[in-house]
2 protein chains.
Amino acid sequence: MKKLPGITALLCFVTLTLFSSTQAQQPQQTSGRPAIDSKAASWIWYPGDFEIWLSNRVQNRRTDRGSFFPVFWKIDSHYPLIDFHKEFDLTAPEEIVIKTEGNYNVKVDGQPLEGTPTRITIPSGHHKINVKVFNQASVPAIYISGPNIKSDTSWLVTFEDKEWIDETGKTSDISATKWLNAGGWNFYDPSVPPSAFRLPVKPQYAVQVNKSQNATLLDFGKETFGFIKLHGVKGNGGVRLYYGESKEEALSEKNAITFDKLQLHTTIKRDSIMPLTKAFRYVNMITDGGITVDSVSMLYEYADVKEAGSFKCSDAEINKIYDISKYTFELNTREFFIDGIKRDRWIWSGDAYQSYLMNYYLYFDRGTVTRTTLALRGKDPVTSHMNTIMDYTFYWFLGIYDYYLYTGDKAFIAQFYPRMQTLMEYCLGRRNSEGLMEGMTGDWVFVDWADKLSKKGALSFEQLLLCRSLEVMALCADIANEKSDATRYQQYATDLRTRFFPLYWNEAKKALVHSRVDGKQTDNVTRYTNMFAIFFDYFNDVQKNAVKHSVLLNDSIQKITTPYMRFYELEALCALGEQSYVLKEMKDYWGGMLRLGATSFWEEYNPAKKGAEHYAMYGREFGKSLCHAWGASPIYLLGKYYLGVKPTSPGYKTYVIEPALGGLQWMEGKVPTGNGNIIIYCSTGEVKVTTADGLGTLKIASSKKPECKEASVVSKGGNLYEMTLQPFTTYNIKYKSLK
Amino acid sequence: MKKLPGITALLCFVTLTLFSSTQAQQPQQTSGRPAIDSKAASWIWYPGDFEIWLSNRVQNRRTDRGSFFPVFWKIDSHYPLIDFHKEFDLTAPEEIVIKTEGNYNVKVDGQPLEGTPTRITIPSGHHKINVKVFNQASVPAIYISGPNIKSDTSWLVTFEDKEWIDETGKTSDISATKWLNAGGWNFYDPSVPPSAFRLPVKPQYAVQVNKSQNATLLDFGKETFGFIKLHGVKGNGGVRLYYGESKEEALSEKNAITFDKLQLHTTIKRDSIMPLTKAFRYVNMITDGGITVDSVSMLYEYADVKEAGSFKCSDAEINKIYDISKYTFELNTREFFIDGIKRDRWIWSGDAYQSYLMNYYLYFDRGTVTRTTLALRGKDPVTSHMNTIMDYTFYWFLGIYDYYLYTGDKAFIAQFYPRMQTLMEYCLGRRNSEGLMEGMTGDWVFVDWADKLSKKGALSFEQLLLCRSLEVMALCADIANEKSDATRYQQYATDLRTRFFPLYWNEAKKALVHSRVDGKQTDNVTRYTNMFAIFFDYFNDVQKNAVKHSVLLNDSIQKITTPYMRFYELEALCALGEQSYVLKEMKDYWGGMLRLGATSFWEEYNPAKKGAEHYAMYGREFGKSLCHAWGASPIYLLGKYYLGVKPTSPGYKTYVIEPALGGLQWMEGKVPTGNGNIIIYCSTGEVKVTTADGLGTLKIASSKKPECKEASVVSKGGNLYEMTLQPFTTYNIKYKSLK
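These numbers were taken from a predicted model, which means no experiment stands behind them.

(A) How the structure looks around the overall build of chain A. Helices and strands together make up the secondary structure of chain A, namely 15 helices and 36 strands. For 739 residues, the compact-globule estimate of 2.2 N^0.38 gives 27 Å, and the C-alpha radius of gyration of chain A, at 28 Å, lies within 12% of that figure. The dimensions of chain A, computed from C-alpha atoms along their principal axes, are 80 × 75 × 65 Å. When each of the 739 residues of chain A is scored for burial, the buried share is 62%.

(B) Structural view of the pattern of salt bridges. Per the stated rule, a full pass over the model turns up 83 salt bridges over all chains. One salt bridge in this structure joins B:Glu114 and A:Lys261, with 2.7 Å as the shortest N-O distance. Residue B:Glu114 is found in the loop between β8 (111-112) and β9 (119-122), and its partner A:Lys261 is found in strand β18 (residues 258-273); the two belong to separate chains. Ionic pairing is found between B:Asp344 and B:Arg62, a salt bridge with its closest N-O pair at 3.0 Å. Taken together, the residues span a long stretch of sequence, with B:Asp344 in the loop between α4 (316-332) and α5 (349-362) and B:Arg62 in the loop between α2 (49-59) and β3 (63-64) at a distance of 282 residues. Taking relative accessible area as the criterion, B:Asp344 reaches 8% and is therefore assigned buried. Taken together, the shared-partner salt bridges in this structure form one network comprising A:Arg62, A:Arg343, A:Asp344 and A:Glu603.

(C) Just helix α7 (residues 390-407) of chain B, in detail. Residue and element names in this part refer to chain B. Compared with an ideal rise of 1.5 Å per residue, which puts 18 residues at 26 Å, α7 spans 27 Å between its outermost C-alpha atoms and is within 8% of the ideal. Counting buried residues in α7 gives 17 out of 18 residues, a clear majority hidden from the surface. In the stretch just after α7, Gly408 is the one whose phi turns positive, near 70 degrees.

(D) Seen up close, the relation of the copies chain A and chain B. With an RMSD of 0.0 Å, the fit of chain A onto chain B corresponds to turning through 180 degrees and sliding 0.0 Å along the axis. The transformation just described matches what one would write down for a two-fold rotation axis. Within chain A, A:Ala137 has its C-alpha nearest the rotation axis, a separation of 1.8 Å. Looking at the interface residues of chain A, 100% of them are also at the interface in chain B, so both copies use one shared face.

(E) Up close: the environment of B:Asn319. Residue and element names in this part refer to chain B. Relative to the helices and strands, Asn319 resides in helix α4. Classification of Asn319 by relative accessible area gives buried; the value is 14%. For the pair Asn319 and Tyr46, spaced 273 residues apart in the sequence, the C-alpha separation amounts to 43 Å. If we skip the residues at most four places from it in the chain, Asn319 touches Lys312 and Cys313.

(F) Structural context of the sheet that holds strand β33 (residues 707-708) of chain B. All names here are of chain B. Read from one edge to the other, the open sheet built from six strands follows the order β21-β29-β30-β31-β36-β33, with strand pairing classed as antiparallel. Edge strands, defined here as strands with exactly one partner in the open sheet, are β21 (310-313) and β33. Here β21 runs beside strand β29 (residues 666-672); their pairing, made up of four bridges, is antiparallel. Bridged to Cys313 within β29 is Met667.

(G) Molecular detail of the nonpolar core. If you look at the biggest cluster of nonpolar residues, it comprises 213 residues, and the most contacted ones within it are B:Ile228, B:Leu230, B:Tyr395 and B:Phe532. Here B:Tyr395 is in contact with B:Ser349, B:Gly350, B:Tyr353, B:Phe461, B:Leu465, B:Phe532, B:Tyr564, B:Met565 and B:Tyr568, once residues within four sequence places are set aside. Residues A:Ile228, A:Ile324, A:Leu376 and A:Phe416 belong to the second largest nonpolar core, which totals 212 residues.

(H) Just the packing of helix α11 (residues 527-535) of chain B against helix α13 (residues 563-575) of chain B, in detail. Residues and elements named next belong to chain B. Contact geometry of α11 with α13 gives a least axis separation of 8 Å together with a crossing angle of 45 degrees. Taken together, the axis directions place α11 and α13 in an arrangement best described as oblique. The hand of the α11/α13 crossing is left-handed. Of the residues in α13, those in contact with Arg527, Tyr528, Met531, Phe532, Ile534 and Phe535 of α11 are Met565, Tyr568, Glu569, Glu571, Ala572 and Ala575.

(I) Geometry of the interface of chain A and chain B. Counting from both sides, the interface comprises 66 residues of chain A and, opposite them, 67 residues of chain B. Of the roughly 5,500 Å² buried at the junction of chain A and chain B (both faces included), carbon and sulfur atoms supply 55%. Applying the counting criterion to the chain A and chain B interface returns 22 residue pairs in polar contact (both at pLDDT 80 or more). At the level of elements, α2 (49-59), β4 (67-68), β7 (103-108), β10 (125-134) and β18 of chain A are the ones that each hand at least two residues to the side of chain A that touches chain B.

(J) Main features of the side chain of B:Thr691. Within the secondary structure, B:Thr691 is located in the loop between β31 (686-690) and β32 (695-701). A polar contact of 2.6 Å, which involves the side chain of B:Thr691, links it to the backbone oxygen of B:Gln726.

(K) Looking closely at the pairing of β9(B). Residues and elements named next belong to chain B. The alternating pattern of β9 places Ile120 and Ile122 on a buried face and Arg119 and Thr121 on a face that is not buried. As paired elements, strand β6 (residues 94-101) and β9 share four bridges and run antiparallel to each other. Along β9, the bridge assignment pairs Glu94 with Ile122.

(L) Up close: α11(B). Residue and element names in this part refer to chain B. Most of α11 is tucked away: nine of the nine residues are buried. If you check which residues of α11 are buried, you get Arg527, Tyr528, Thr529, Asn530, Met531, Phe532, Ala533, Ile534 and Phe535. Note on α11: the residue one or two positions beyond its end, Asp537, has a positive phi of about 65 degrees.

(M) View of the domain arrangement of chain A. All names here are of chain A. What the domain assignment reports for chain A is domain 1 (7-19 + 200-301), domain 2 (33-196), domain 3 (307-389 + 560-642), domain 4 (396-445 + 451-537) and domain 5 (648-734). The distance between the C-alpha centroids of domain 1 and domain 2 comes to 40 Å. Every contact between the two is made by eleven residues of domain 1 and, on the other side, eight residues of domain 2. Taken together, the two surfaces of domain 1 and domain 2 that pack against each other cover about 780 Å², and 56% of this comes from carbon and sulfur.

(N) A look at the environment of A:Lys107. Mapped onto the elements of the fold, A:Lys107 is located in strand β7. For the pair formed by A:Lys107 and A:Val131, sequence separation is 24 residues and the distance between their alpha carbons is 6.4 Å.

(O) Molecular detail of the packing of aromatic side chains. Evaluated as defined, the whole model comprises 151 aromatic pairs over all chains. Aromatic side chains A:Phe311 and A:Tyr322 sit 5.8 Å apart centroid to centroid with 45 degrees between the ring planes, which places their arrangement in the tilted category. Placement of A:Phe311 in strand β21 (residues 310-313) and of A:Tyr322 in helix α4 (residues 316-332) is noted, with a sequence separation of eleven residues between them. You can call A:Phe311 buried: its relative accessible area is 6%. Among the residues examined, A:Tyr322 registers a relative accessible area of 2% and is labelled buried. Arranged with centres 6.4 Å apart and planes meeting at 50 degrees, the rings of B:Phe501 and B:Trp505 form a pair that is tilted. Each of the two residues, B:Phe501 as well as B:Trp505, counts as buried. Above the plane of the ring of B:Phe259 lies B:Lys261, whose end atom (NZ or CZ) is 4.8 Å from the centre. Taking the ring centre of B:Tyr538 as reference, the NZ or CZ of B:Arg497 above it sits at 3.9 Å.

(P) Representation of the UniProt feature "domain: Alpha-L-rhamnosidase six-hairpin glycosidase" (unreviewed entry) in chain A within the structure. The UniProt record marks residues 307-640 of chain A with the feature "domain: Alpha-L-rhamnosidase six-hairpin glycosidase" (unreviewed entry), using the residue numbering of this structure. The span residues 307-640 of chain A is 54% helical and 4% strand by assignment, and the distance between its end C-alpha atoms comes to 16 Å.

(Q) Summary view of the pairing of strand β20 (residues 291-301) of chain B. Residue and element names in this part refer to chain B. Of all eleven residues making up β20, eight are buried, and the element is well covered by its neighbours. Pairing of strand β15 (residues 201-205) with β20 involves five bridges; the strand directions are antiparallel. Its bridge partner being in β20, Pro203 is matched across the sheet by Leu299. Here strand β17 (residues 215-244) runs beside β20; their pairing, made up of nine bridges, is antiparallel. Residue pairing in the sheet places Val233 in a bridge with Val293 of β20.

(R) Fine view of the sheet that holds strand β25 (residues 515-517) of chain B. Residue and element names in this part refer to chain B. As summarised here, the arrangement of the three strands in space is β22-β25-β26, forming an open sheet in which the pairing is antiparallel. The sheet is open, and its two borders are formed by β22 (458-459) and β26 (520-521), each paired with just one other strand. Relative to β26, β25 runs antiparallel, the two being bridged by two bridges. The residue bridging Val517 from the neighbouring strand is Lys520, located in β26.

(S) Expanded view of the side chain of A:Ser138. In this fold, A:Ser138 is placed in the loop between β10 and β11 (141-145). Setting aside residues up to four positions removed in sequence, A:Ser138 forms contacts with A:Trp53, A:His78, A:Glu101 and A:Ser195.

(T) Looking closely at the packing of helix α8 (residues 410-428) of chain B against helix α9 (residues 460-479) of chain B. All names here are of chain B. Between α8 and α9, the least distance of the axes is 9 Å, while the angle of their chain directions is 140 degrees. One way to sum up the angle between α8 and α9 is to call them oblique. Seen from above, α8 lies across α9 with left-handed handedness. Counted together, Lys410, Ile413, Ala414, Tyr417, Met420, Gln421, Met424 and Leu428 of α8 and Leu466, Ser469, Leu470, Val472, Met473, Cys476, Ala477 and Ile479 of α9 form the full contact between these two elements. When grouped by side-chain class, the residues that make up the contact of α8 with α9 number 13 nonpolar, two polar and one charged.

The rules behind each value
Residues numbered from 1 in each chain as written. Chains lettered and ligands numbered in written order. Predicted model: local features only at pLDDT ≥ 70, side-chain atom pairs only at ≥ 80, totals over all residues. Heavy atoms only, no water. Helix = DSSP H or I, 4+ residues; strand = E, 2+ residues; numbered from the N terminus. Rg over C-alpha atoms; globule rule 2.2 N^0.38 Å. Buried < 20%, exposed > 50% of the residue type's maximum accessible area, 1.4 Å probe, protein only. Salt bridge = Lys/Arg side-chain N within 4 Å of Asp/Glu carboxyl O. Expected span 1.5 Å × (residues − 1). Least-squares fit on C-alpha atoms with pLDDT ≥ 70 in both. Contact = heavy atoms within 4.5 Å. Pairing = 2+ DSSP bridges. Core = buried A, V, L, I, M, F, W, Y, C linked by side-chain atoms within 4.5 Å. Axes fitted to C-alpha atoms, helices over the stretch in contact; angles between N-to-C directions. Parallel < 35°, antiparallel > 145°, perpendicular 65-115°, else oblique. Left-handed = near helix turned anticlockwise from the far one by under 90°. Buried area = accessible area lost by both parts, 1.4 Å probe. Polar contact = N/O pair within 3.5 Å; in protein donor to acceptor, adjacent residues only side chain to side chain. Domains from an automatic or database assignment. Phe/Tyr/Trp six-rings, centres within 6.5 Å; stacked < 30°, edge-to-face > 60°. Lys NZ or Arg CZ within 6 Å of the ring centre and 35° of its normal. UniProt positions renumbered as here; feature names shortened; annotations may be inferred. Nonpolar A, V, L, I, M, F, W, Y, C, P; charged D, E, K, R; others polar.

Right, here's the structure in full:
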């Protein structure tokens, strides 16, 4: 790949009907960014600010029928004025290079230097460097590089330094100034500041092109995402591009969700790249009489994250499901984890929460998790639930718990605890007279897309999520060393958990009911609360087993038709040891989409529908997203519940491996841990494990005592056996699978 | 005046050492903006957002010895995504023009239109137009103009419309969406959007030029402000410009507070305008050998506000003091009311509060008051006191009270009450164990620049300001229809006022003491609290009279050396009827500056100092500002306490005129009321009044009963007489002055 020549110039002859050029998204073809290097200088900023700024750009690229379609909740801004500082001990004087985004000053040991110096020499000894940057348009950022002095996330930053000197020379009281560690990413190139960030692109070509008169239908062979590029355009007139995730959509000028319309005036042949990315498999290009186009290609835009996890097994259909899940997830993993690439292209907390979990079994990319978490949170004051949705606020807390569990990153939690705290206080301030979360004016109580799902009263689902969120708050307050907060949140959590079963458990139905209305239990039972209570481990064993039959495996309880909630339903069944059942469900549900020709997984799938009916949603012929992140959940299920790898303490310091074939003859795969990959092979008679860092426990069910030279096998009663696994070691185990 | 040709081009050959060109302030020569026209279309935005954005630009133009010198408190940003809407009833279809700053969509009756249309036709009948705009770099703004449909401040705006539709077509609950009236100014030109706003400029020339070798000293005759322009520059090399409010400063390359340094490379003669405004009377230009400059002029930058008030009297020195006060105030009245033009150029709440009051007697410009008020407040969350200073927070509340008293603008208060409320809650959350305001970590307790002024403990001054602020909150909560808040704040105010005298009054000293430390009264008495308590009318008559002698006229109490606190001291004395004494003080203090050659009034003046000592402050040879807004207080004192015009109910619905010659033979002048000007002439034997709108009361002290044909004169006992004044009427009164 090499840099495209003159992309900007190419665009200048195009009269765009949709976006002004300043709003356009300019493609950039690069060979991808280097991996994070903790010793290199990098661009840094106030933590969370670039994430918010970038998410504003990303989320405001949605169009619908040619119309800009922005989000409907508050979006925030970066702080326009930031002070950066760090102290250094130098054994010799050194010259440093200073670059910034914004107007700035530089102080050495508190003394301002004249002008805006780009190179200065710091004398040897102990010195403090401050750089204060003002920038309203984009995020104040600095890049400083010398032999020893380098800008990185160990620098401290504040948006209010409170440093003044009174008329007598007395310095101000800066004891209340809060300094955080700077935010950063992998921006090591001083010539590419944060505001210039673009995802990389690479060319792709249609696999089939059908021309008829002034229309050309291109098929790129599978769902894809990027900038359409017209080669050799000439003439005066219009070009219209209709994008389709399905052929039907591309061919529907009236109902395709996205299109581009151009007016061109050129007497010599030029290339033209569309200003905004689109999602499509098919593109229908219609030209006016006066226009000719030599050919059409695209620039595939992608996030440069690396696959670390893998899964392969004896069932070809499951392998296909895994591969299409991976591709679905790849397409939806961009600057942030977004919901779907065609329509919203937004960061939705409920959707992102599932992406985090998939990510831990595929990329283990911490940056995309923290960026998404920070973008979702935005800034104080909190004026509505996240994405306006009550449940989505709670998923945000749960996402932070999982991030901590999988990565052990206490620094992130300590740094952003205040934003957790203000959000939780917002929630606690919106409880009803029973102390329960109930939709207030302006709140969207979502749960799931499902027919006639009541949102009235205080839903058990929301209380369950609140209770879990309070437990997360107690944990995080403790990490942030806010001990009285920790005690308070733990007390709230304990109280709510104690009250929860008397409030919602219906002994006759052996289930948690859906809601309380006017202070009374309703008799409606839905799957949601019951399945979450299973993997939250809130039930006792009797309840858990009862619910499995009274709800999860009970066909009279309203079925789930979104991969979104199928995620949790199947997780709950896996947590109950129903891997065989879940494998069949996976083949039925995801396999069902594949049999309909899916090249990525969908926002919603109802097997009862026929043909192009599948593409409809929200009352629109092509309203449904055919590439939705929440469709990729097999990545998570297969990694966590078949390969069976789960951290049991933060950052995989301890973890468990409980392989479950679920009817497969064999399976093999890798699970990334942040400290190496755990490699597993498992058949009905053999388990091979190569560990990463941390202390593992292998749990196997076997009809005979497993044999292993590398570790001692401990019987845990019945058919259960355990082995302790040391870091970076390979184990070969012979056993006999129960089924 | 005409537009300068090619300013941008002129700048391009200049290598600036100080600012990047994107940060530079580009001068714009215009003939001033038209007056506000309520029927014209204008650019509109989310209220407060342009004010914050503009204040960020303005406050980040400070430089000190060539180094960018930004503020040290949090600055905020505009909301990047705003929905604007209004409903219209049209008798015929009409075409409207749409302009925006930012990417946008347009909906008519909830239906989005394709693309970003710039002209659309709205059918006849009842219709709703929504425009939603995204802009991170500058403030989202729209300009819409048709025969009847026009963007103005009657449009409604929100930063979170919460408008979504679920998969069944059900619309969202938007009942919690808060719509405010749009913000606007006088931006009627569709081709000049808010982000392009610049103050107008006009050329000015030096009155004296002294050249010697490579140095040229220019004297512009008086303090001024603007962009230096070099005419006919040629050659390769450097030009340095040292600015001085005094000749000594301009000639001090080492200590001049501001300078510009340029590197020029041009073989043909060009003009060059400096990128940032500066304050100066003198400019010392030093050129390197290779550079020649034909001449130097300046572009005077000014706010296009109109003088409405005036004052003239029998004392020539007082007339000079009034004129220099006006000029001082003109220079410091810019996009906002700033503190001083040379050094800070910032919006300081305590300084602005005084400017508001002066403004009511000179410009009566509401816009500069509300812009300054909004810029100071910024956005939630509140993370520190205003400008970090506790007293400055309270002045902000007081400023809103005065704004309401002088203008009667309830809409402004209702719209921004939530920002008052969160700021007051911040204060109430920072009281000590006695329930009193005491400096916490990070708080700057300022009061005044004065030697050894204790800031320890709970200062009576801060409690007094809190108490008054609570009274303002009660009033404003009531206006905003927040009745329970009104009750609560009134209760707090009443409680504090009841406690105040037992806490701080010292009967032996016949004065309020300065502070309480560790729960006990100190025995220190300062002027501040005592003089504020006079014009707040918190004393009983006995106390008031006692304090006049025990504090105000008592030379053993530490003297005030800043015009800032002289303002209040003289106001208190005027409120006690000491106009004759104050007149002498004015002639002594402000006259003292004039006798030292002042062409504008200073930040601080200590008659004991000599020569260039006067220019020093903050431990720096030229640290003092010689043009400080708070130096202009004679405007206020002469209008309010000599001409004697004061509103007695909001918006001058009722008002009083109590002329007080204070020893003058005669005086005449105008006081603007927002509903016309009140014109007054007063000599020892005659009073002439022409009224504006509202019901006035003329109060005269006379040794005989005044005679007036136009109104009946009512005796009020002693030598006091009153007349009721009707709107827009002229009265001629014969009387006999007591002194």
